[in-house]
Amino acid sequence: MKMTINLFSRNKVALVSLFAVLLTSCIGDLDKLEKLKNKEDDPLVWNSEFGIPLANLTLNFSDFLEELQEDENFIETDDKGFLSAVYSEHLFTQGVDESFQIPDQSFNTNLVVENLPAIPNIGPLPDIPPIEDENSLTITTPNEESLDQIKFSNGTLGIEVNTSIKAEIKVDIVLNNLKNEKGEPYITTLYFDDGTGTRETSKSDNLSNYTLDLTEGGTTTNTFSLTTIATFSLNQNSELKENDIISIDLNLQDLEIKEIYGDMGNRKVFEIADKVSLNGFDSFSTGQFIWDDPQLILQIDNSFGIPLGLTLQKLEGEIENGQKLNLQGSLINQEQIIRAPRIDQLGETIHTEISINSSNTENFGELLSSFPENLEYGLKASLNPEGAGIGNFVADFSKVDVTLNARLPLKGKVKDLGTENITDFDGEALEDFKRALFRLRTNNSFPLDAALQVYFLNEEELTLDSLIHPNLEGEYNNLLLKAAEINDNGEVINSSDHLLDIELNESQLETLRKTKKLKIKSLVSSPDNGTKSVHLNANASIEVDLGLQIEF
């Protein structure tokens, strides 16, 4: 079983790529623009008289978020606009059939006929009083459970009686502990004629809505009584032998449980190992998001009338190059008590949450910040972790559900969070001109610095040149957006203005005409090179003015 949680996707995180696409689209349309010549032959400088406005727009994150939520409701906004990534993934369910079953039961008793009178050849026949025998029968439970009562939703009670006594016999079978929904004990009668040889008779009844008491009046468990009464009708052909027997076979088969009461013991009830795939973390080719207060919640919903001891055996992240990072801390291999409904709460579900956070683990933040592709987990649970389970019960609707929930406030330190995309580009359509100058003005109320680089690639995806010089990988010399000013809580208090001039010289333009593909790389960090924590807000926006000046 493999489960998937979509936290992010490429088009949801690479906002910077929007600007990259905007820039590269403008590059592709240079041949369509009015031809203007710079008055100076020296470095191309911005002249507002000759600048051509290409774009003026405002990007509101709230609009962007609304569009995202049409497909997946993975972001929540509080009343102040602050954002959290949330998800819920059902891990597994275990019900009655996987946890508790009563196997088929078989019992055999013999009613021994003793001190029988001789049957005369002539004269009156002797009067034989009914012979009665009572036996205590013990059911077998698969895990040594001590049961007080079973209510059946289905099943078959089979009775088979055989004897070699040559006489008419009425056999009454009485199960005083097995009662129907009216509270009447089970009684049935089987008959033998006075034939010869070993004879056999049988019958079966459905156990639906029957209840079997196993306490013998509150004195024991797993036990019920069988009473057999044999009544004889003699004639001249009857033959009685000392120690003749009537053999009774009692079978309980195909039992389906409606309710069980008793002590279910301390055994292990399940152990599971699986993985959760975190699709979207692979959208980032580099960098970290170091969460301020990450938290995962194991939610356990228990409608068994049995407390459970749940143990998180492991939580392991699969990070880059197949390496794995194991969660360490007091939570691992520490049994947690999962509460259960009481008998007077039959039909109710008790909800328990186990938090996985930085206070009960040593490296939880590191695990999530490493952008694991998968989280592998191991869970096991046992019954009655605190001791004897007197008062346990199980119903046919009982189950335990385990769900993994997360609430990850988008608050933390962003360090060189990078994306990379390659797109087709036809540079041959560009007209012959010497230089071009893009001017980008931004007003940013996001608390993030964003840098951009666009690489010119040939058909084989080898790099020919880059859009911005100098090209310093991993450093923020190519700022596209300047982070907004924040307070000590990482909240934006003032937006930031930024101006970026991007010049394409004659050599670059010549290379651009040979370009078949563009590789767009972006880096995002929180202020001071990712050392300050920020809190992302849905009310943030970016204002963009993009202009162009070219020289022929």
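Draft legend 1. Expanded view of the side chain of Ser-526. The residue Ser-526 is located in the loop between strand E32 (517–525) and helix H7 (527–530) in this model. With relative accessibility at 0%, the residue Ser-526 sits in the buried group.

Draft legend 2. Highlighting the sheet that holds strand E23 (residues 399–409). Spatially, 5 strands are ordered E3-E4-E23-E16-E20 in an open sheet, and the strand pairing comes out antiparallel. Edge positions in the sheet fall to strand E3 (75–77) and strand E20 (350–356), since each has one partner strand and no second. Adjacent strand axes in the sheet meet at a mean angle of 25° when their direction is disregarded. Bridge count between strand E4 (residues 83–95) and E23: 11 bridges; the pairing is antiparallel.

Draft legend 3. Representation of the nonpolar core within the structure. One finds Phe-232, Ile-246 and Leu-379 to be the most contacted residues of the largest nonpolar core, which totals 128 residues. Here this core takes 7 residues from strand E13 (residues 244–263), the largest share from any one element. When sequence neighbours within four positions are dropped, the list of residues in contact with Phe-232 reads Val-113, Ile-128, Ile-131, Ile-165, Ala-167, Glu-168, Ile-169 and Ile-246.

Draft legend 4. Region of interest: the environment of Leu-250. Examined against the element boundaries, Leu-250 turns out to sit in strand E13. Taking the C-alpha atoms as reference, Leu-250 lies 10.0 Å from Leu-137; in sequence the two are 113 residues apart.

Draft legend 5. Structural view of empty space enclosed by the protein. All told, the structure shown has 5 cavities of 30 Å³ or more when counted by the stated rule. What lines the second largest cavity is Leu-91, Val-276, Leu-296, Leu-298, Leu-312, Leu-315, Ile-356, Leu-375, Tyr-377, Leu-379 and Leu-404. Going through the elements one at a time, strand E16 (296–302), strand E17 (308–318) and strand E21 (374–383) are the ones with two or more residues in the lining of the second largest cavity. The element best represented in the lining of the second largest cavity is E21, accounting for 3 residues.

Draft legend 6. Representation of the pattern of salt bridges in the model. As enumerated under the stated definition, the model contains 20 salt bridges in all. Of the charged contacts in the structure, one is a salt bridge between Glu-510 and Arg-513, with a shortest N-O distance of 3.4 Å. Here Glu-510 and its partner Arg-513 are both found in helix H6 (residues 506–513), 3 residues apart, which amounts to about one turn of the helix. For Arg-513, a relative accessible area of 14% translates into the label buried. Each member of the salt-bridge network shares a partner with another, and the members are Lys-314, Glu-316, Lys-324 and Glu-376.

Draft legend 7. Geometry of the packing of aromatic side chains. Taken as a whole, this structure holds 6 aromatic pairs when the rule is applied. Ring centres of Phe-92 and Phe-270 lie 4.9 Å apart, and the angle between their planes is 75°; on these two criteria the pair is classed as edge-to-face. Of this pair, Phe-92 sits in strand E4 while Phe-270 is found in strand E14 (residues 268–279), placing the two residues 178 residues apart along the sequence. When sorted by exposure, Phe-92 lands in the same class as Phe-270, which is buried. A ring pair is formed by Tyr-261 and Phe-393, whose centres lie 6.2 Å apart and whose planes are at 35°; its orientation type is tilted. Here Tyr-261, found in strand E13, pairs with Phe-393, found in strand E22 (residues 392–395); they are 132 residues apart in sequence, far enough to count as distant. Per residue, the accessibility class of Tyr-261 equals that of Phe-393, and both read buried.

Draft legend 8. A look at the confidence of the model for the protein. For the protein, the mean per-residue pLDDT works out to 83, and 84% of the residues sit at or above 70. Confidence scores differ between elements of the protein, with strand E1 (residues 2–6) showing the lowest mean pLDDT of 31 and strand E11 (residues 211–213) the highest of 97. Note on residues 1–42: pLDDT is under 50 here. Beyond four places in sequence and across chains, it has 129 contacts.

Draft legend 9. Fine view of H6. When H6 is considered as a whole, its buried residues turn out to be Gln-508, Leu-509, Thr-511, Leu-512 and Arg-513. For H6, the side-chain oxygen to backbone nitrogen distance between the N-cap and Ser-507 is 3.1 Å, and the N-cap itself is Asn-505.

Draft legend 10. View of a negative patch on the surface. Where like charges cluster on the molecular surface, the negative patch consists of Asp-97, Glu-98, Asp-104, Asp-254 and Glu-256. When residues of the negative patch are traced back to their parent elements, those giving at least two are helix H4 (96–99) and E13. Within the fold, Glu-98 resides in helix H4. You can call Glu-98 exposed: its relative accessible area is 53%.

Draft legend 11. Here's a closer look at the environment of Ile-354. Tracing the backbone through its elements, the reader meets Ile-354 in strand E20. Residue contacts for Ile-354: discarding those within four places in its chain leaves Leu-296, Ile-297, Leu-298, Ile-300, Leu-310, Leu-331, Gln-336 and Ile-338.

Draft legend 12. Region of interest: the pairing of E20. For E20, the buried fraction is high: 5 of the 7 residues fall into the buried class. In the sheet, E16 pairs with E20 via 7 bridges, with the strands oriented antiparallel. Within E20, the residue paired with Ile-300 across the bridge is Thr-352.

Basis of the calculations
Residues numbered from 1 in each chain as written. Predicted model: local features only at pLDDT ≥ 70, side-chain atom pairs only at ≥ 80, totals over all residues. Heavy atoms only, no water. Helix = DSSP H or I, 4+ residues; strand = E, 2+ residues; numbered from the N terminus. Buried < 20%, exposed > 50% of the residue type's maximum accessible area, 1.4 Å probe, protein only. Pairing = 2+ DSSP bridges. Axes fitted to C-alpha atoms, helices over the stretch in contact; angles between N-to-C directions. Core = buried A, V, L, I, M, F, W, Y, C linked by side-chain atoms within 4.5 Å. Contact = heavy atoms within 4.5 Å. 1 Å grid on protein atoms, 1.4 Å probe; cavity = no way out; pocket = protein on both sides within 12 Å on 5 of 7 lines; lining within 4 Å. Points joined across faces, edges and corners; volume = space filled by probe spheres on them. Salt bridge = Lys/Arg side-chain N within 4 Å of Asp/Glu carboxyl O. Phe/Tyr/Trp six-rings, centres within 6.5 Å; stacked < 30°, edge-to-face > 60°. pLDDT = per-residue confidence, 0-100. Polar contact = N/O pair within 3.5 Å; in protein donor to acceptor, adjacent residues only side chain to side chain. Patch = residues over 30% accessible without salt bridge, like charges linked within 9 Å, V, L, I, M, F, W, Y side chains within 5 Å. Areas by Shrake-Rupley, 256 points an atom, 1.4 Å probe, with all protein chains shown as cover. Lys, Arg positive; Asp, Glu negative; His and termini not counted. Charge placed at Lys NZ, Arg CZ, Asp CG, Glu CD.

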